[in-house]
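One letter stands for each residue in the lines below.
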Amino acid sequence: NPVGINAVNNKNDFLKIYPNPGRGKVAVSSSGSIKAIEIYNVLGERIFQTSMFKHQTQGETGQASNEIDISNKPDGIYFITVKSGEDVYWQKLIKN
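Now for a description of the structure that goes with this document.

Reading the values: rules and limits
Residues numbered from 1 in each chain as written. Predicted model: local features only at pLDDT ≥ 70, side-chain atom pairs only at ≥ 80, totals over all residues. Heavy atoms only, no water. Helix = DSSP H or I, 4+ residues; strand = E, 2+ residues; numbered from the N terminus. Buried < 20%, exposed > 50% of the residue type's maximum accessible area, 1.4 Å probe, protein only. Contact = heavy atoms within 4.5 Å. Pairing = 2+ DSSP bridges. Polar contact = N/O pair within 3.5 Å; in protein donor to acceptor, adjacent residues only side chain to side chain. Patch = residues over 30% accessible without salt bridge, like charges linked within 9 Å, V, L, I, M, F, W, Y side chains within 5 Å. Areas by Shrake-Rupley, 256 points an atom, 1.4 Å probe, with all protein chains shown as cover. Salt bridge = Lys/Arg side-chain N within 4 Å of Asp/Glu carboxyl O.

**Digging into the overall build of the chain**
Stage number 1. Helix and strand counts for the chain come out as zero helices and nine strands.
Stage number 2. Traced from its N-terminal end to its C-terminal end, the chain shows the element sequence β-β-β-β-β-β-β-β-β.
Stage number 3. Here the chain holds 96 residues, and the buried ones make up 35% of them.
Stage number 4. A separation threshold of at least 6 residues defines the contact pool for the chain, and within that pool the share at least 24 residues apart is 56%.

**Let's talk about the pairing of strand E3 (residues 25-30)**
Stage number 1. With respect to burial, E3 is a largely interior element, five of its six residues being buried.
Stage number 2. In this structure, strand E2 (residues 15-18) lies alongside E3, joined through four bridges in antiparallel fashion. Counted as the bridge partner of Ile 17 is Val 28 from E3.
Stage number 3. Hairpin geometry of E2 and E3 is characterised by an intervening segment of six residues between the two adjacent antiparallel strands and by a positive phi of about 135° at Gly 24.

**Here's the deal with the pairing of strand E8 (residues 76-84)**
Stage number 1. As paired strands, strand E4 (residues 36-41) and E8 are joined by six bridges and run antiparallel to one another. Among the inter-strand pairings, Asn 41 is bridged to a residue of E8, identified as Tyr 78.
Stage number 2. Alignment of E8 against strand E9 (residues 87-95), held across nine bridges, turns out to be antiparallel. Note on E9: the bridge partner recorded for Ser 84 is Asp 87.
Stage number 3. Hairpin connection between E8 and E9: a loop of two residues separates the two successive antiparallel strands, and Gly 85 in this loop has a positive phi of roughly 60°.

**Here's the deal with the environment of Lys 95**
Stage number 1. Here Lys 95 is to be found in strand E9.
Stage number 2. Discounting residues that sit within four places of it in the chain, Lys 95 has contacts with Gly 22, Arg 23, Gly 24, Ile 70, Ser 71, Lys 73, Pro 74, Asp 75, Gly 76 and Tyr 78.
Stage number 3. At 2.8 Å, the side chain of Lys 95 and the backbone oxygen of Lys 73 are in polar contact.
Stage number 4. Here the side chain of Lys 95 touches Asp 75 through a polar contact of 2.8 Å, side chain to side chain.

**Description of the side chain of Thr 81**
Stage number 1. Inspection of the secondary structure assignment puts Thr 81 in strand E8.
Stage number 2. Each residue touching Thr 81, except ones within four places of it in the same chain, is listed here: Ala 36, Ile 37, Glu 38, Tyr 40, Val 88, Tyr 89 and Trp 90.

**Quick word on a nonpolar patch on the surface**
Stage number 1. On the surface, Val 42, Leu 43, Ile 77 and Ile 94 cluster together into a nonpolar patch covering about 370 Å² of accessible area.
Stage number 2. Within the secondary structure layout, Ile 94 lies in strand E9.

Printed below as a string of structure tokens:
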């Protein structure tokens, strides 16, 4: 891990990605602020990156939600990383 960054597997309720599996349009919600979202394919190539959240909404649960569209990418397994503060959360994303 780079110095000063904590990589955290998503073992808590901070990060939710749905629908997963899905067809490519997914919502990413978190219980905290999101600084950046990146998606990588199984080869480790970054296929999506944003730090601009045009459609961020606050749901009834108090979680921020952002919609991402990777429907133009091939079906397969991807890995999504969400940066919040000094922590980086990641989760497997299946597109079918």
